[in-house]
Amino acid sequence: MEMHMKKLLVIGLTVFVASAISALAGDAKATFESNCAKCHGTDGKGQTKMGQKLGAKDYTDPKVQEAMKDDAAFKAIKEGLKDADGKSLMKPAEDLSDDDIKALVAYMRTFKK
């Protein structure tokens, strides 16, 4: 009886963790679509009018994904990006928590083909 309870507890916790991870991925997708897609496109290719103007990278390109380091992506999202002249290319994501940003970086990784 005790072994069955332990198995049920493990199964229950596994389902809970899996659904929490799925919810985070869903939240990251929604965050990307509301905050990033204007430039990067919902497909991550950066082929929007604004993305082409600003030189947004194609996150479906394996070479771009390989060159992109998670800590640099996190910093760019958190602090924003500026060009060599100091002109803002991307505003900082002031309304996102560190966990939101980490989930967003993980979501960006899903674009790799």
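Just so it is clear, the structure is predicted and the values come from calculations on it, not from any experiment.

Each value, and the rule that gives it
Think of each chain on its own: its residues are numbered from 1, step by step along the sequence as written. Since the coordinates come from a predicted model, pLDDT governs what is reported: local features require at least 70, and pairs of side-chain atoms require 80 or more to be given and counted, while whole-chain, interface and lining totals use all residues. With hydrogens and water stripped out, all remaining heavy atoms of the structure feed into the side-chain values. Here a pair means two rings of Phe, Tyr or Trp (six-membered ring of Trp) with centres within 6.5 Å. Their orientation is stacked below 30 degrees between planes, edge-to-face above 60, and tilted elsewhere. Elements are defined by DSSP. Helices are runs of H or I of four residues or more, strands are runs of E of two residues or more, and each kind is numbered from the N terminus. Only protein chains enter the accessibility calculation, which uses a 1.4 Å probe; a residue whose area is less than 20% of its type maximum is buried, one above 50% is exposed, and one in between is partly exposed. Any two residues whose heavy atoms approach within 4.5 Å at even a single point are treated as in contact. By definition here, a salt bridge exists when the distance from a side-chain nitrogen of Lys or Arg to a carboxyl oxygen of Asp or Glu is within 4 Å. Lines are fitted to the C-alpha atoms to define the axes, a helix being fitted only along its stretch in contact, and any angle between axes, read from their N-to-C directions, falls within 0 to 180 degrees. Should an angle lie under 35 degrees it is considered roughly parallel, over 145 roughly antiparallel, and from 65 to 115 roughly perpendicular; all remaining angles are considered oblique. Helix crossings are classified by the rotation of the near helix relative to the far one: an anticlockwise turn of less than a right angle makes the crossing left-handed, while a clockwise turn makes it right-handed. Throughout, the ten residues Ala, Val, Leu, Ile, Met, Phe, Trp, Tyr, Cys and Pro are labelled nonpolar, Asp, Glu, Lys and Arg are labelled charged, and all others, Gly among them, are labelled polar.

A.B. asks: Looking at this structure, I do not really get the packing of aromatic side chains. What am I missing?
C.D. replies: A ring pair, where both rings are aromatic, is described by two values, the distance of the centres and the angle of the planes. Throughout the structure, instances matching the rule amount to three aromatic pairs. Both rings, one in Phe32 and one in Phe111, keep their centres 5.1 Å apart while their planes meet at 55°; by these two values the pair is tilted. Here Phe32, found in helix α1 (residues 2–35), pairs with Phe111, found in the segment after α6 (98–109); they are 79 residues apart in sequence, far enough to count as distant. Like Phe111, Phe32 is buried.

A.B. asks: What is the right way to look at the environment of Gly44 in this model?
C.D. replies: Looking at the element boundaries, Gly44 is found in the loop between α2 (37–40) and α3 (49–54). On the basis of relative accessible area, Gly44 is assigned to the buried category, the value being 0%. What Gly44 contacts, discounting residues up to four positions off in sequence, is Phe32, Lys57, Asp58, Tyr59, Thr60 and Phe111.

A.B. asks: Would you mind going over the pattern of salt bridges with me for this structure?
C.D. replies: Opposite charge on two side chains permits them to pair, given that their charged atoms come into close proximity. Applying the stated criterion to the full structure yields two salt bridges. Ionic pairing is found between Asp70 and Arg109, a salt bridge with its closest N-O pair at 2.7 Å. Pair noted here: Asp70 is in helix α5 (residues 70–79) and Arg109 is in helix α6, with a separation of 39 residues, a long-range link. Taking the shortest distance from any N to any O, the salt bridge between Asp98 and Lys78 comes out at 2.7 Å. Of the two residues, Asp98 is situated in helix α6 and Lys78 in helix α5; the sequence distance between them amounts to 20 residues.

A.B. asks: Explanation requested: the side chain of Gln65 in the structure shown.
C.D. replies: With respect to the secondary-structure elements, Gln65 resides in helix α4 (residues 62–67). Here Gln65 is in contact with Tyr59, Met108, Arg109, Phe111 and Lys112, once residues within four sequence places are set aside.

A.B. asks: When you look at the packing of α5 against α6 in this model, what are you seeing that I'm missing?
C.D. replies: When two helices pack together, you describe them by how their axes are tilted relative to each other and by the distance separating the axes. Taken N-terminus to C-terminus, the directions of α5 and α6 make an angle of 125°; their axes are 10 Å apart at the nearest point. Relative to α6, the element α5 is oriented oblique. Seen from above, α5 lies across α6 with right-handed handedness. Taken together, the residues of α6 that come into contact with α5 (itself represented by Asp70, Ala73, Phe74, Ile77 and Lys78) are Asp98, Ile101, Lys102, Leu104, Val105, Met108 and Arg109. Of the residues that constitute the contact of α5 with α6, the class distribution is seven nonpolar, no polar and five charged.

Scope: geometric values only; no functional claims are made or implied.
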